[in-house]
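Working through the structure, step by step
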Amino acid sequence: MTLRKYLVLVAMVVFGSLGDLLLKRGMSQLGPISVHDWTHAITALFNPWVAAGVLLLIGFFAAYSSALSWADLTYVMPATSLGYVFIALLSVFVLREDVSLTRWLGIILISSGVAVIGQSHNTTDKVAHGPEAIL
Amino acid sequence: MKLVYTWSTIVIMVLSTTVGDILLARAMKQVGDLGLLRRTKGLGAAVKAAMLNADMLAALLFFAVGFFTLLVSLSWADLSLVVPATASLTFVTNAIAAKLFLGEKVDGRRWIANILVCLGVMLLAK
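So, here is what we can say about the structure in this document.

Conventions we followed
Residues numbered from 1 in each chain as written. Chains lettered and ligands numbered in written order. Predicted model: local features only at pLDDT ≥ 70, side-chain atom pairs only at ≥ 80, totals over all residues. Heavy atoms only, no water. Contact = heavy atoms within 4.5 Å. Buried area = accessible area lost by both parts, 1.4 Å probe. Salt bridge = Lys/Arg side-chain N within 4 Å of Asp/Glu carboxyl O. Polar contact = N/O pair within 3.5 Å; in protein donor to acceptor, adjacent residues only side chain to side chain. Helix = DSSP H or I, 4+ residues; strand = E, 2+ residues; numbered from the N terminus. Nonpolar A, V, L, I, M, F, W, Y, C, P; charged D, E, K, R; others polar. Buried < 20%, exposed > 50% of the residue type's maximum accessible area, 1.4 Å probe, protein only. Patch = residues over 30% accessible without salt bridge, like charges linked within 9 Å, V, L, I, M, F, W, Y side chains within 5 Å. Areas by Shrake-Rupley, 256 points an atom, 1.4 Å probe, with all protein chains shown as cover. Lys, Arg positive; Asp, Glu negative; His and termini not counted. Core = buried A, V, L, I, M, F, W, Y, C linked by side-chain atoms within 4.5 Å.

Quick look at the interface of chain B and chain A
Taken together, the 51 residues of chain B in the interface contact 54 residues of chain A. The junction of chain B with chain A conceals about 4500 Å² of combined surface from both sides, 72% of it contributed by carbon and sulfur atoms. Three residues, Arg-109, Arg-110 and Leu-124 of chain B, lead the burial of chain B against chain A; their summed loss comes to 15% of the area buried on that side. On inspection of chain B and its partner chain A, the count reaches two salt bridges. Residues Lys-5 of chain A and Asp-33 of chain B are paired through a salt bridge, measuring 3.9 Å at the closest nitrogen-oxygen approach. Put simply, chain B and chain A have twelve residue pairs in polar contact (both at pLDDT 80 or more) between them. When residues of the side of chain B that touches chain A are traced back to their parent elements, those giving at least two are α1 (2-31), α2 (34-41), α4 (54-76), α5 (79-101) and α6 (108-125) of chain B. Classifying every residue of the side of chain B that touches chain A by side-chain character gives 32 nonpolar, eight polar and eleven charged.

Describing the pattern of salt bridges
Taken as a whole and judged by the stated rule, the model has three salt bridges over all chains. For Arg-110 of chain B, the salt bridge identified is with Asp-72 of chain A, shortest N-O distance 2.9 Å. With Arg-110 of chain B in helix α6 and Asp-72 of chain A in the loop between α3 (48-70) and α4 (73-80), the pair connects residues from two separate chains. Each member of the pair, Arg-110 of chain B as well as Asp-72 of chain A, is classed as buried.

Brief notes about a nonpolar patch on the surface
Residues and elements named next belong to chain A. A cluster of nonpolar residues, Phe-86, Leu-89, Leu-90, Phe-93, Val-94 and Trp-104, forms a patch on the protein surface that exposes about 540 Å² of accessible area. Examining the composition of the nonpolar patch, we find that four residues originate from one element, helix α5 (residues 82-93), more than from any other. You can see Trp-104 is positioned in helix α6 (residues 101-118). The class for Trp-104 is partly exposed, based on a relative accessible area of 31%.

Digging into the environment of Leu-73 of chain A
Following the sequence through the fold, Leu-73 of chain A ends up in helix α4. For Leu-73 of chain A and Phe-61 of chain A, which are twelve residues apart along the polypeptide, the C-alpha to C-alpha distance reads 14 Å. The residues contacting Leu-73 of chain A, other than those within four sequence positions of it, are Tyr-64 and Leu-68 of chain A together with Asp-21, Ile-22, Ala-25, Asn-94, Ala-98, Leu-102 and Glu-104 of chain B.

Section: the side chain of Glu-104 of chain B
Inspection of the secondary structure assignment puts Glu-104 of chain B in the loop between α5 and α6. As a buried residue without a salt bridge, Glu-104 of chain B has its nearest oppositely charged side chain in Arg-110 of chain B, at a separation of 4.0 Å. A polar contact of 2.5 Å, which involves the side chain of Glu-104 of chain B, links it to the side chain of Thr-74 of chain A.

Quick look at the nonpolar core
Grouped together as the largest cluster of nonpolar side chains are 66 residues, with contacts concentrated most on Leu-23, Tyr-64, Leu-68, Leu-73 and Val-76 of chain A together with Leu-24 and Met-28 of chain B. With ten residues, the top contributor of residues to this core is α1 of chain B. Ignoring any residue separated from it by four or fewer positions in sequence, one finds Met-28 of chain B in contact with Ser-65, Leu-68 and Ser-69 of chain A together with Leu-34, Ala-50 and Met-56 of chain B.

A short note on the environment of Ser-100 of chain A
Residues and elements named next belong to chain A. Tracing the sequence through the fold places Ser-100 in the loop between α5 and α6. By relative accessible area, Ser-100 is classed as partly exposed at 36%. C-alpha separation for the pair Ser-100 and Ser-65, spaced 35 residues apart in sequence, amounts to 35 Å.

These figures come from the coordinates and say nothing about function on their own.
The structure is reproduced here in structure tokens:
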């Protein structure tokens, strides 16, 4: 794993979580979509918040595709869940929201999961052909 | 009733995201390291190689279904419910699908990491 590859994972986390946040902001502005009128989901794209969210999600998609081109899906998934920790920390220190004990426990579990995966190889190929396989 | 609608959208998102993720991962394995391709042949060549792959186009179709379902879901429910609930369920379905369809070696360490993250995301959703 090079610095460049870590930056791709960071870009996924930042673009993905900010993109979702902007989508939510836009959809709150537009109000609930009726089950009988799904076309409103398409016209929602013209809302500036939703449009900005879509742009960020395109950035997320580019970073995600790039990550999957050199790492396994089961490696990339836990690595990017740090985004939830990022959002929680942001809401504590920037938005000054109260974070419950349950949420802190969630943050600790996610971080330890990421720490476990962080020590492993990022592709199945490398596991098979690594030094351990030869021994 | 609204809760039933919200959870229906979550189930649709989990299924479409899992199929999309598997197709995208398969496409990217075929294309190879995009960063390397960009440095050796330029950004245009990397984008072209990725976008002209059949699995990639199929993946985009499933992600589009997931995206519009997300918009509808967010118009009904909180971000802090929809996103963590979808993500934690997708962790489990993706790990199983990656083992079955991609032949990824999901060893003990990866299962432990997946379960820890999945539980953590569920707690965040509370």
